[in-house]
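# Coordinate inspection notes
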Amino acid sequence: MQPDRDVGVPGGAELLAFSDAVVGNDRAALDEARRAVAAAIGPQAVPAASAIAANFSKNDRVANGCGIPVDEMALKRTEEIREQLGLNDYRSARNTFRHYA
Amino acid sequence: MSFYADSDYPVRQDLADIHEAQMSQLSEPGTWGNSAQRIAIAAEARRAAYDAGQLEAPDGGDPEPEVPLPGVAKGVVRKLAVSPRDFLEDSYREARDGGLSDEEYVEIVGIVSRMVDLDVFARGIGVPLRPLPSPGPGEPSRVRLETAKQELAFVPTIPNPPEGGAEAAELYGGHPMPYIMRAVSLVPDECRRHVELEQVQYLPLPNIRIPDYQHHEGFSRSQVEIVAGRVSALNECFY
């Protein structure tokens, strides 16, 4: 995903900037991104977006830490999108492809 | 009073209650580590994030942990906390070769992942990190479920029903679960807490295939998936 692209969802650009900032190391950028999300979508969007960022920060560590594979059916279903987004280049892809070469 | 009463933004009470309970549970013994060890793991994850500039230390800093972590555990904690994209099979092998059991390793992965979760949330809504609790008494249960087996992850997992038997039925609610919900099942209490966060923060799992299901008021499923996809891309999580 390119953060500066129009993703066709209300507040999409602000959410991408918030996602980058909340797991990044620029506190001033995060404070600005938080205000932008609230202005674009509403104040309720800040804890909602934070909950999703928190949840997937957890899941990414659980997945990579435990080395779980994507199951074979999901792998077939996502072939095109993985190729488009370059996901197959992630080093953690090996946790899947070592089983389904 | 809500765990996030100091937030300028409205935080759901069910989410705040679960976060408060999970933080408080660190003061209890786990399955393979006692409370002091579990709090030391959480504190080390935070220290690594302070050092990386990914979290801001609270005024006055954190209390010193009551027990030191072995070097091998510290290495797992610090790398997983701040650099999940670099956490690959060699990191797991180093941990095992360094003396951690699979069970100890999974409990560490679970605690670090949940600690990062709570801290990212606090940072996201703009409140200081919630304080770690003081260690409580008691010894870890050291109970390993007999149905755990080596499937396709680095670590053993509890298979889906029916292979996983009554233990899987209880843990997974009688339904087959994707790997992400079974990854830390070698330590069932970690699995329960991981799923508990999933259901309150993302969505109730039975609704996952309903494309327009909305769990957060005023925040659509499309908006949810933008944040989820972007964060996982930054962490280079293929799963």
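Residues numbered from 1 in each chain as written. Chains lettered and ligands numbered in written order. Predicted model: local features only at pLDDT ≥ 70, side-chain atom pairs only at ≥ 80, totals over all residues. Heavy atoms only, no water.

## Regarding the overall build of chain A
In terms of regular secondary structure, chain A is built from six helices and zero strands. Each helix (α) and strand (β) of chain A, taken in turn from the N terminus, gives the series α-α-α-α-α-α. Compactness check: chain A gives a C-alpha radius of gyration of 16 Å against a globular reference of 13 Å for 101 residues, more than 25% above the reference. Taking the principal axes of its C-alpha atoms as reference, chain A extends roughly 45 × 30 × 20 Å. Per-residue burial for chain A yields a buried fraction of 52% across its 101 residues. (Helix = DSSP H or I, 4+ residues; strand = E, 2+ residues; numbered from the N terminus. Rg over C-alpha atoms; globule rule 2.2 N^0.38 Å. Buried < 20%, exposed > 50% of the residue type's maximum accessible area, 1.4 Å probe, protein only.)

## Quick notes on the interface of chain A and chain B
Contacts between chain A and chain B engage 65 residues on the former and 63 residues on the latter. Summed over both partners, the interface of chain A with chain B buries about 5900 Å², with 65% contributed by carbon and sulfur atoms. Among the residues chain A hides against chain B, the three largest losses belong to Lys58, Arg61 and Arg91 of chain A. Together they make up 13% of the total. Our count for the contact surface shared by chain A and chain B stands at five salt bridges. Here Arg91 of chain A ties to Asp86 of chain B by a salt bridge, and the two come within 2.4 Å at their closest N and O atoms. Our count for the contact surface shared by chain A and chain B stands at 27 residue pairs in polar contact (both at pLDDT 80 or more). Taken together, the residues of the side of chain A that touches chain B break down into 37 nonpolar, 17 polar and 11 charged. (Contact = heavy atoms within 4.5 Å. Buried area = accessible area lost by both parts, 1.4 Å probe. Salt bridge = Lys/Arg side-chain N within 4 Å of Asp/Glu carboxyl O. Polar contact = N/O pair within 3.5 Å; in protein donor to acceptor, adjacent residues only side chain to side chain. Nonpolar A, V, L, I, M, F, W, Y, C, P; charged D, E, K, R; others polar.)

## What to know about the pattern of salt bridges
Should the charged atoms of two oppositely charged side chains come close, the side chains can pair. What the rule picks out here adds up to 28 salt bridges over all chains. Measuring nitrogen to oxygen at the nearest pair gives 3.0 Å for the salt bridge that ties Lys58 of chain A to Glu198 of chain B. Highlighted residues: Lys58 of chain A in helix H3 (residues 45–66) and Glu198 of chain B in helix H8 (residues 188–201), drawn from two different chains. Across the pair Arg46 of chain B and Asp62 of chain B runs a salt bridge, and its minimum N-O distance is 4.0 Å. In this pair, Arg46 of chain B is assigned in helix H2 (residues 35–51) and Asp62 of chain B in the loop between H2 and helix H3 (71–82), connecting sequence segments 16 residues apart.

## With respect to empty space enclosed by the protein
Residue and element names in this part refer to chain B. Under the counting rule described, the total for this entry stands at three cavities of 30 Å³ or more. Within this model, the largest cavity holds a volume of roughly 70 Å³. Contributing to the lining of the largest cavity are Gln22, Met23, Leu26, Ile111, Arg114, Met115 and Leu118. Of all the secondary-structure elements, those providing two or more residues to the lining of the largest cavity are helix H1 (13–24) and helix H5 (102–125). Per-element accounting of the lining of the largest cavity gives the leading share, four residues, to H5. Across the lining of the largest cavity, the residue classes break down as five nonpolar, one polar and one charged. (1 Å grid on protein atoms, 1.4 Å probe; cavity = no way out; pocket = protein on both sides within 12 Å on 5 of 7 lines; lining within 4 Å. Points joined across faces, edges and corners; volume = space filled by probe spheres on them.)

## Here we look at the domain arrangement of chain B
All names here are of chain B. In terms of domain boundaries, chain B breaks down into domain 1 (13–125), domain 2 (147–208) and domain 3 (210–239). Distance from the C-alpha centre of domain 2 to the C-alpha centre of domain 3: 21 Å. Listed per partner, the contact involves 11 residues of domain 2 and eight residues of domain 3. Buried area between domain 2 and domain 3, summed over both chains or domains, comes out near 800 Å², and the portion from carbon and sulfur atoms is 52%. Of all residues in domain 2, the largest losses of buried area upon contact with domain 3 belong to Tyr202, Leu203 and Asn207, amounting jointly to 53% of the total for that side. On inspection of domain 2 and its partner domain 3, the count reaches zero salt bridges. The tally of links from domain 2 across to domain 3 stands at 10 residue pairs in polar contact (both at pLDDT 80 or more). (Domains from an automatic or database assignment.)

## Brief notes about the packing of aromatic side chains
All names here are of chain B. Per the counting criterion, the structure on display carries six aromatic pairs over all chains. Pairing Phe3 with Tyr4 gives two aromatic rings, centres 5.1 Å apart and planes at 65 degrees, and the pair type is edge-to-face. Each member of the pair, Phe3 together with Tyr4, is buried. Geometrically, the ring pair formed by Tyr92 and Phe154 is stacked, given 5.3 Å between the ring centres and 15 degrees between the ring planes. Here Tyr92, found in helix H4 (residues 89–97), pairs with Phe154, found in the loop between H5 and helix H6 (165–172); they are 62 residues apart in sequence, far enough to count as distant. The structure contains a cluster of three or more aromatic residues connected by ring pairs, namely Phe3, Tyr4 and Phe121. Against the face of Tyr179 rests Arg182, its NZ or CZ located 4.5 Å from the ring centre. (Phe/Tyr/Trp six-rings, centres within 6.5 Å; stacked < 30°, edge-to-face > 60°. Lys NZ or Arg CZ within 6 Å of the ring centre and 35° of its normal.)

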